[in-house]
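Working through the structure, step by step
The lines below spell out each chain.
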Amino acid sequence: MKHFLLAASLIVSAPAAMACETVTIGDLTVEHAWSKATIGAGRPGVFYVGITNAGSADDALIGIATPAAGMPMLHETVVQDGIASMPHAMSIPVPAGQSVQLSPGGYHGMLMGLTTALKEGDSFPVTLIFEKAGEVTMNVDVLSLRAEGPDCADAGQ
Amino acid sequence: MLGVGAYRTRNRPALSEVLPLPIGEMSWALTDHRGQSVRPTDWARRPVMVFFGFTWCPDVCPTTLSDISLWLEELGADADRMIVALISVDPERDTPAVLADYVSSFDPRIIGLTGPADEVAKAAADFRVTYRRVDKDGGDYTMDHTAGVFLFHPDGRFASIIDFHEDRRFAVPKIRRTLS
Ligand SMILES: [Cu+2]
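Residues numbered from 1 in each chain as written. Chains lettered and ligands numbered in written order. Predicted model: local features only at pLDDT ≥ 70, side-chain atom pairs only at ≥ 80, totals over all residues. Heavy atoms only, no water.

An unreviewed UniProt entry lists chain A under the name Copper chaperone PCu(A)C, from Falsigemmobacter faecalis.

What follows is the structure, encoded as structure tokens:
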């Protein structure tokens, strides 16, 4: 119960302001982290983000952590012969000089075991764990279930 | 060249087996998100757009319903007579009440359908849709399922599929062809 309250208090309600936060770690720039509102806490949430590697060495996203979910995982939506599935992704490559999007219909963070329902306008922290660059924490904006992406001034998608 | 042609001809019957049945030849009985019973005959003389999915899924299903909502907005009142339905492949978790909560986030013309497992199976067979349960650690499960959006003419004939990764610019013209 104590753990639940602590986790719930980490989810901040900020209806008007969209964070559209950009963070950097080493040669990596991480931005436009967003999620979708959920129906209750029994269904998983989702996590999308853009990562740019300006360096000359390949890196990879190997995990995510968040107080908002008991079991966050990396997934990839795959459509084969018209059938969609979402296998676990052990790691998401972030090649040197390239940008990688975790975006609808592709790679995504799957937030299983939500501590509380995600509501539009909330935000919560997610720590991204990279193979070489290490860990970086940023705020994730919760948009509506219908959203197709964040409305950041510099959104490149 | 001749070889290819002969191959195609020989495979034609197999190909027609994978096309969805005309709506009028379907036989399922489902319940919508308001608790009303729905049968294929209720869709007579209406253009139809159907997508199979489930509310537990946070990626493919909301993305498709967002796309459908955008298409419906672009079509405006022209699409008011169209039946637009999400059929759940996860009736165990998707009760009409859950579906009501879910579809309320999208265009109000979208309805949710669920029902007993055997009726969902019947609908999937009629649409030539595949789905299967995939168990995850900790007792949770997800569903693999056909991700395309099915379109039918007002006379019930199958029109086309909008594939999940298809260029979205082709979607609205495809839908428009079923509206007249
Ligand atoms: Cu997933």
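Let us keep going from here.
1. Remarks on the sheet that holds strand β2 (residues 37-38) of chain B
All names here are of chain B. Heads up, the condition is: By this definition, two strands are paired if DSSP reports at least two bridges between them. Every helix listed is a DSSP run of H or I at least four residues long, and every strand listed is a run of E at least two residues long, numbered separately from the N terminus. In what follows, residue pairs with any heavy atoms lying within 4.5 Å of each other are defined as contacts. Angles here are taken between N-to-C directions and fall from 0 to 180 degrees, while the axes themselves are lines fitted to C-alpha atoms, restricted in helices to the stretch in contact.
One open sheet accounts for seven strands, arranged β2-β1-β5-β4-β3-β8-β9; its pairing is mixed. Each having just a single partner strand, β2 and β9 (158-162) make up the two edges of the open sheet. Bridge count for strand β3 (residues 48-53) against strand β4 (residues 83-88) is six bridges, and the pairing is parallel. Within β4, the position partnered with V48 by the bridge is I83. Helix-sheet contacts for helix α2 (residues 60-75) involve β3, β4, β5 (110-114), β8 (149-152) and β9, and the interaxial angle to β3 is about 165°.

2. Here's the deal with the sheet that holds strand β6 (residues 131-135) of chain B
Pairing within the open sheet is antiparallel, and its four strands lie in the order β7(A)-β8(A)-β7(B)-β6(B). Among the strands making up the open sheet, the edge pair consists of β7 (78-80) of chain A together with β6 of chain B. On average, each strand axis in the sheet is tilted by 25° relative to the strand beside it, whichever way the strands run. Pairing analysis gives three bridges linking β7 of chain A to strand β8 (residues 83-85) of chain A, with the strands arranged antiparallel. Within β8 of chain A, the residue paired with Q80 of chain A across the bridge is I83 of chain A.

3. Concerning the side chain of D144 of chain B
Inspection of the secondary structure puts D144 of chain B in strand β7 (residues 141-146). Ignoring any residue separated from it by four or fewer positions in sequence, one finds D144 of chain B in contact with I83, A84, S85 and M86 of chain A together with T130, Y131, R132 and V134 of chain B.

4. Description of the coordination of the copper ion
All names here are of chain A. What counts here: Donors, by definition, are the N, O and S atoms found within 2.8 Å of a metal, the threshold being 3.2 Å for Na, K and Ca, and water is not counted, so a site can look incomplete. Every geometry call rests on angle ranges, with four donors termed tetrahedral when all angles are between 85 and 135 degrees, four termed square planar and six termed octahedral when opposite donors are over 155 degrees apart and all others are between 65 and 115, and everything else termed irregular. Only protein chains enter the accessibility calculation, which uses a 1.4 Å probe. A residue is then buried if its area is under 20% of the maximum for its type, exposed if over 50%, and partly exposed in between.
Within the protein, H75 (ND1), M86 (SD), H108 (NE2) and M110 (SD) serve as the donor atoms for the copper ion, at 2.2 to 2.4 Å. One can describe the donor arrangement at the copper ion as tetrahedral, given that its four donor atoms subtend angles of 95 to 117° at the metal. In the primary structure, the donors to the copper ion are separated according to the pattern H-x10-M-x21-H-x1-M. Of the two residues, H75 sits in strand β6 (residues 69-76) while H108 sits in strand β11 (residues 107-114), which places them 33 residues apart along the sequence. On the basis of relative accessibility, which here comes to 0%, the residue H108 falls in the buried class.

5. Some words on α2 of chain B
Residue and element names in this part refer to chain B. To keep things clear, this is the line we draw: One less than the residue count of a helix, multiplied by 1.5 Å, gives the span that helix is expected to have.
Here α2 is 16 residues long and its end C-alpha atoms lie 22 Å apart, about the 22 Å a rise of 1.5 Å per residue gives. Counting buried positions along α2 yields 13 of 16 residues, so the element is predominantly enclosed. G76 occupies a position one or two residues after α2 and carries a positive phi of about 60°.

6. What about the confidence of the model for chain B?
As a note on interpretation, predicted positions should not be read in detail where pLDDT is low. The criterion, for reference: pLDDT runs from 0 to 100 and stands for how confident the predictor is about each residue.
Scored by pLDDT, chain B comes out at a mean of 90, with 91% of its residues at no less than 70. Of the two predicted TM-score estimates for the complex, the pTM is 0.87 and the ipTM is 0.84.

7. Looking at the pairing of strand β4 (residues 45-53) of chain A
All names here are of chain A. In terms of residue burial, β4 counts as a mostly covered element, since eight of its nine residues are buried. The pairing of strand β3 (residues 28-36) with β4 spans five bridges and is antiparallel. The partner of L28 across the bridge, within β4, is N53. Direction of pairing for β4 relative to β11: antiparallel, over a ladder of three bridges. Paired with G45 across the two strands is L111, which belongs to β11. In this structure, β4 lies alongside strand β10 (residues 99-102), joined through four bridges in antiparallel fashion. Residue pairing in the sheet places V49 in a bridge with L102 of β10.

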